[in-house]
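Reading the structure
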Number of protein chains: 2
Amino acid sequence: MTTYRVAFLPDEGEVQVEEGATLLQAAEQAGIQLSTLCGGEGLCGECRVQVVGGKALADKHAIGFFTGDELRQGYVLACQTKVEDDLEVTIPTRSRLAEQHIITEGVPITYSQPEKVVLHRRPYDPASYFEPLVTKVYLELPEPTLSDNTADIDRVTRELRRELRDSDYEVSLACLQNLATTLRQHQWKVTATVARVGERGRILAIEGGDTTDRHYGLAIDVGTTTVVTQLIDMRDGKVLGVEGSFNLQARYGEDVISRMVFACGRGSLEPVHRAVIANINNLTGTLVREHGIDPKDISAVVAAGNTTMTHFLLNLMPCSIRLEPYVPTATLYPQVRASEIGIEVSPEGIIEVMPGVASYVGGDIVAGVLACGLADKPETKCLIDVGTNGEIVIGNNEWLVCCSASAGPAFEGSGSRSGMRAARGAIQKIEIRDGEVSYETIGKAKPRGICGSGLIDAIYEMVRNGIIGQDGKFDVSRGDSRLVAEDDPRYTLAYPEETETGEAITVSEAEIGNLIKSKGAVFAAIKSLVDYVGLTFGELDTIYVAGGFGSSLDLPKAVAIGLLPDIEIERIQFVGNSSVMGARMGLISAPAFEKAIDIARKMTNIELSNYAPFMSEFVAALFLPHTDSRLFPSVRY
Amino acid sequence: MTTYRVAFLPDEGEVQVEEGATLLQAAEQAGIQLSTLCGGEGLCGECRVQVVGGKALADKHAIGFFTGDELRQGYVLACQTKVEDDLEVTIPTRSRLAEQHIITEGVPITYSQPEKVVLHRRPYDPASYFEPLVTKVYLELPEPTLSDNTADIDRVTRELRRELRDSDYEVSLACLQNLATTLRQHQWKVTATVARVGERGRILAIEGGDTTDRHYGLAIDVGTTTVVTQLIDMRDGKVLGVEGSFNLQARYGEDVISRMVFACGRGSLEPVHRAVIANINNLTGTLVREHGIDPKDISAVVAAGNTTMTHFLLNLMPCSIRLEPYVPTATLYPQVRASEIGIEVSPEGIIEVMPGVASYVGGDIVAGVLACGLADKPETKCLIDVGTNGEIVIGNNEWLVCCSASAGPAFEGSGSRSGMRAARGAIQKIEIRDGEVSYETIGKAKPRGICGSGLIDAIYEMVRNGIIGQDGKFDVSRGDSRLVAEDDPRYTLAYPEETETGEAITVSEAEIGNLIKSKGAVFAAIKSLVDYVGLTFGELDTIYVAGGFGSSLDLPKAVAIGLLPDIEIERIQFVGNSSVMGARMGLISAPAFEKAIDIARKMTNIELSNYAPFMSEFVAALFLPHTDSRLFPSVRY
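Structural notes, computed from the coordinates.

1. Section: the state of the cysteines
Tallied over the entire structure, the rule returns two disulfides over all chains. Here A:Cys264 is linked by a disulfide to A:Cys319, with a sulfur-sulfur distance of 2.1 Å. Handedness of the A:Cys264-A:Cys319 disulfide follows from its S-S torsion of about -95°: it is left-handed. Residue A:Cys264 is found in helix 6 (residues 256-264), and its partner A:Cys319 is found in the loop between helix 8 (307-314) and strand 14 (336-337); the two are separated by 55 residues along the sequence. Left without a disulfide partner, A:Cys47 is nearest to the cysteine sulfur of A:Cys79, which lies 3.7 Å away. In this structure A:Cys175 is a free cysteine whose sulfur lies 17 Å from that of B:Cys319, the closest cysteine sulfur available. Assessed through its relative accessible area of 11%, A:Cys175 is described here as buried.

If you want it as structure tokens, here you go:
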């Protein structure tokens, strides 16, 4: 068989590969990890490489990922390109597998369980009981006799009733069809897998023998940007492993709106649906391989996502979510077999999706309310989830109100020249002192860009140092070597020689303006909601901040730029990915899932586009921190 | 194209057919209707004809229906034999389509609805309400606005709650997946199809526009011998049409035991399951053609059958039903999509199967109890269903007990030389006076055999005329020209010259012995049950007799031979096919179906094989009418 030589320039080694191997395989052989979100299917366009010597033809399906210029320059997708010549290849930095820094876990909340430990049972709150959504019960049944010849399934449920508290059981026809044989072949020793649906038990499977030691579940946060999956041991609720990846749907649009435009217009729903299912299956595949378990032993999945992501997940038409009056197909979803939507776990395994409230207040927020215990006690608390949308909930054990404001992509590191997601090499913390910029990157790597928390820091520091005014405008009269006076003036945070890419990392006046709009929208939403319920910020017991910032969000700086209300800093708590945290709670506690439904039902959604005071609040918030400085008494620049 | 001549001997005409036509098609062309229970699939073996001139080859799949002798004599299945020669054919009488005399309707009971009329609402009994198991509701929904932008499905259920009494709705994922599009394409005017599952509503489909004028259901009695299907207009509960056919499973065995032996031993479950599904689809096909309706508009099916037939219907393993301690897989069955078991109606249509009590007291009996109102009032009543098994229920609105006794095939016209099912040409009534036998046949045709009710008459008349003694033995000393003194003496009811087949119709001493055993088993079961509950026959308010006898059962003669207890004849009522009657009640009244579940739960099954007094009762009953004449005070021969 012919072999070819592939050299990775400038100095990353050279390998011999057999004819027909892909460039992706060649790179792996050379020890180079390329980014392949889609698992090498030619779907994500992440593994771009440039062939600078030798002949390689871009696969015709892959050329859509490149401009004509790029194609002429020899750009190809490594996974779709077969080696049929000796090749010289260079790898752009962005194609390398960065250590993904996806927020895969909520930060434990004071009262809540420490990571990887089961829920602590709080007597007043059944949602804290470890009582998994799907239970496996080993049964040793008495053999039937003439005086006890009840039907097989009744013999099973009679025993189940002794073990579980459900009184009423549903069973599928498929489960009945082999029951007689299974029971007799296994001497009446079987394991029943039982899901909870409201007050009833649903028997998913009855297997021979004792299989209770193999019982797993998945808690999933289906985010617009990232998908995070936790593998849970359903025997004790412990997290066995976590994997996250960027949402493959990105190829159909960065945000929910553009994905809806694709699904409802020039494209169709199916590929967007399939993309997120591929995400979940990839992550699950990695988890089961790492932990040496059989995916057939996963019988429960709980997913949380915003309403649009939930529609994509369940293959529901999302088109009317986008248009006034913003109507989703459903906010409470039926329990279905995970296999029905293509999730590769046990064929009898079920998926529950966290209920939402409205088109722009979804199951991720309800999961967050559950995880943060907002609805548990009489004290009024607040949850703020900051992403492309800012969702805000205020409430207590009596009432809950919520709203959503479009914040734009600034907090997620998108929409600006140097912006990037919170991944390896992203600047996440910044300090400016005496004209010197010091920063900290994720993974302590050479900087590649700046993410949301870095941007918040940058703006705070720039105001504090007088580089920009509280209106966000540069003082171009200052002679600052870092300030590049273009049409859109631009401040240099890292010079080209400092960075991984060789390009400067900068932030421009227009980009600052966008961030001010974003923080203004979120703050105006919080303010409108607090006013709506007739409270003041001071009456909020705690503010929980969730979102994709990573654990690096500097809360005082977030207050100082006017993103978060100015209350005692101890009462503001960063909670990270509260969505996956709530999904896990629902997975390992059926009462918690019930509580989530109750939360969704109880929550009153205020449609800000229909709420007059919002717009003036928004305009008033377009200042750092705010046009009304009395709202930020502690902020001094 | 070559054509051939097919002559039907002796004088039924001659047709020209094209090469490759089947003999069945040739017969149809000649105006001869052959019996084809399976619709010409080569499954039922009913369309046997004899090719006496020309060459025709029996299809190799069909030869299992014939003995070697028959094959040599030119017997073939008409439906499986292609015409490839000029042929001369004779048709055995038994292959002709007899007017099937299948009991397709229950005889209206005093309090119950007249045939083809909806239930009369009795205020004390919700089971009498017309409140169909599946309802279609036309909804004109208000368009969403910003101040009313609840999710699509909630808009639907909100309106449904105003129309129906259910408070809680389930919806399938499939139903949600196109909801947004359907609602908007049809200007918020849709028809919801809603099934009842216990206290909940299950939304099966949401179609655009008003489709409420197309809404049908099926009530089915899945009997061991016959399958009966009623097509119901679900708008008013009226019976639009009825079709019945012999159960195609007969090819796997005449009775439930031999079919179980086939399914669990040398054969497998699948073909037995498929046979009854083919029955239902054939009957439904005929009904929808006759009434010009689309099978997709049938969205509800209720079936009733004995426990074994129910297992075959649902493809459940029946093997343990047959063996002590007689355990079925289930007696309460989940509501499933009819398409899941292959029934060709609406893909979203559901099937409910009447719940049973035990392996030998099935849903047909529960349906009978429902139809006869046994559980309605304080008066204690009795239902006796006589077939291969005799099932007996005694009870009132407080309690119900039941039992089952194997009666053998005698009452169904099987197991004897001249016995036949209650079809055209069967002798159903007999009188013997002064040595002369007069009889009445079904369809007033020339006699072809004798069915169950005819046999009961015959035996009564033979005792009354001193032809046999009360022990069932012939008095061979009597010089009676009708008595043929073989090893097994045999009495001639019809001479060869009187009959369709040219063979005498006779009844032998051994056959009489079998019938005595059968009636003895049924009577002993009734007696055991009455004793068990501490009553006497006189305390039974009414005895309902159900079964395949047709309306010809002579009740006084059935009492006189000791099949039925000797109570005032006015208190015995023949009810015919109470199983299909109960199925229809469950179909057009969800409360009636709920009541059936309640009846099944309430009913105590007495396992006679485990009940010591039964055997002595059986032995005591092997006499005409009984060894204890005090039990039959009114019977005088």
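2. Observations concerning helix 11 (residues 509-532) of chain A
Residues and elements named next belong to chain A. Along its 24 residues, helix 11 runs 34 Å from first to last C-alpha, staying within 8% of the 34 Å computed at 1.5 Å per residue. Within helix 11, 18 of the 24 residues are buried, which leaves it mostly tucked inside the rest of the structure. Two residues or fewer past helix 11, Gly534 is found with a positive phi of approximately 75°.

3. A short note on the relation of the copies chain B and chain A
Once chain B has been moved 0.1 Å along the axis and rotated by 180°, it coincides with chain A to within an RMSD of 0.2 Å. In short, the pair behaves as if placed about a two-fold rotation axis. Of the residues that chain B buries at the interface, 100% are likewise interface residues in chain A, meaning the two copies contact each other through the same surface.

4. Considerations on the pattern of salt bridges
Two side chains carrying opposite charge are able to pair once their charged atoms lie near each other. For the structure on display, the rule yields 55 salt bridges over all chains. A salt bridge links B:Asp457 to B:Lys557; the shortest N-O distance between them is 3.8 Å. With B:Asp457 in helix 11 (residues 452-464) and B:Lys557 in helix 13 (residues 555-560), this residue pair connects regions lying 100 residues apart in the sequence. For the pair B:Asp457 and B:Lys557, one class covers both residues: buried. In this structure, the salt-bridge partner of B:Asp480 is B:Arg478, at a minimum N-O distance of 3.8 Å. Judged by relative accessible area, which is 17%, B:Asp480 ranks as buried. Residue B:Arg478 is classed as partly exposed on the basis of its relative accessible area of 35%. Taken together, the shared-partner salt bridges connect A:Glu170, A:Arg200, A:Arg202, B:Glu170, B:Arg200 and B:Arg202 into one network.

5. Description of the sheet that holds strand 21 (residues 449-450) of chain A
Residue and element names in this part refer to chain A. In space, the three strands of this open sheet follow the order 20-19-21, with mixed pairing throughout. On the outer flanks of this sheet lie strand 20 (436-441) and strand 21, each paired with one strand and no other. Direction of pairing for strand 19 (residues 426-433) relative to strand 20: antiparallel, over a ladder of six bridges. Within strand 20, the position partnered with Lys429 by the bridge is Glu440. Its contacts with the sheet put helix 10 (residues 452-464) on strand 19 and strand 21, and the angle it makes with strand 19 is roughly 10°.

6. Considering the packing of helix 9 (residues 363-372) of chain A against helix 14 (residues 590-602) of chain A
All names here are of chain A. Contact pair helix 9 / helix 14: the axes reach a minimum separation of 9 Å and the direction vectors enclose 120°. As for the relative orientation of helix 9 and helix 14, their crossing is right-handed in sense. On helix 14, the residues that touch Val366, Val369 and Leu370 of helix 9 are Ala592, Lys595, Ala596, Ile599 and Ala600. Per-class residue counts for the contact of helix 9 with helix 14 are seven nonpolar, no polar and one charged.

7. Quick word on a nonpolar patch on the surface
On the surface, a nonpolar cluster with roughly 260 Å² of combined accessible area is contributed by A:Met615, A:Val619 and A:Leu622. As for its position among the elements, A:Val619 is in helix 15 (residues 613-620).

8. A look at the environment of B:Val476
All names here are of chain B. Within the secondary structure, Val476 is located in the loop between helix 11 and strand 22 (483-484). Taking the C-alpha atoms as reference, Val476 lies 8.1 Å from Pro489; in sequence the two are 13 residues apart. Not counting residues within four places of it along the chain, the set of residues in contact with Val476 comprises Leu483 and Pro489.

9. A short note on the side chain of B:Ser578
All names here are of chain B. Examined against the element boundaries, Ser578 turns out to sit in helix 14 (residues 578-588). The exposure class assigned to Ser578 is buried, which follows from its relative accessible area of 2%. For Ser578, the contacting residues outside a window of four places in its chain are Ala367, Gly368, Ala371, Cys372 and Ala546.

10. Quick word on the interface of chain B and chain A
With 41 residues of chain B at the interface, the matching set in chain A holds 41 residues. A combined buried area of about 3200 Å² lies between chain B and chain A, and 61% of that area is made up of carbon and sulfur atoms. Looking only at chain B, the three residues that lose the most surface to chain A are B:Leu146, B:Leu173 and B:Thr329, adding up to 21% of its buried area. Scanning the region where chain B abuts chain A turns up two salt bridges. Between A:Glu170 and B:Arg200 there is a salt bridge, and its shortest N-O distance comes to 3.8 Å. In this assembly, chain B and chain A are joined by 14 residue pairs in polar contact (both at pLDDT 80 or more). Counting only elements with at least two residues in the side of chain B that touches chain A, the list comes to helix 3 (152-163), strand 7 (169-171), helix 4 (173-177) and helix 5 (179-185) of chain B. At four residues, helix 5 of chain B tops the list of elements feeding residues into the side of chain B that touches chain A. Its residues assigned to classes, the side of chain B that touches chain A comprises 20 nonpolar, 13 polar and eight charged.

Basis of the calculations
- Residues numbered from 1 in each chain as written.
- Chains lettered and ligands numbered in written order.
- Predicted model: local features only at pLDDT ≥ 70, side-chain atom pairs only at ≥ 80, totals over all residues.
- Heavy atoms only, no water.
- Disulfide = S-S within 2.5 Å.
- Helix = DSSP H or I, 4+ residues; strand = E, 2+ residues; numbered from the N terminus.
- Buried < 20%, exposed > 50% of the residue type's maximum accessible area, 1.4 Å probe, protein only.
- Expected span 1.5 Å × (residues − 1).
- Least-squares fit on C-alpha atoms with pLDDT ≥ 70 in both.
- Contact = heavy atoms within 4.5 Å.
- Salt bridge = Lys/Arg side-chain N within 4 Å of Asp/Glu carboxyl O.
- Pairing = 2+ DSSP bridges.
- Axes fitted to C-alpha atoms, helices over the stretch in contact; angles between N-to-C directions.
- Left-handed = near helix turned anticlockwise from the far one by under 90°.
- Nonpolar A, V, L, I, M, F, W, Y, C, P; charged D, E, K, R; others polar.
- Patch = residues over 30% accessible without salt bridge, like charges linked within 9 Å, V, L, I, M, F, W, Y side chains within 5 Å.
- Areas by Shrake-Rupley, 256 points an atom, 1.4 Å probe, with all protein chains shown as cover.
- Buried area = accessible area lost by both parts, 1.4 Å probe.
- Polar contact = N/O pair within 3.5 Å; in protein donor to acceptor, adjacent residues only side chain to side chain.

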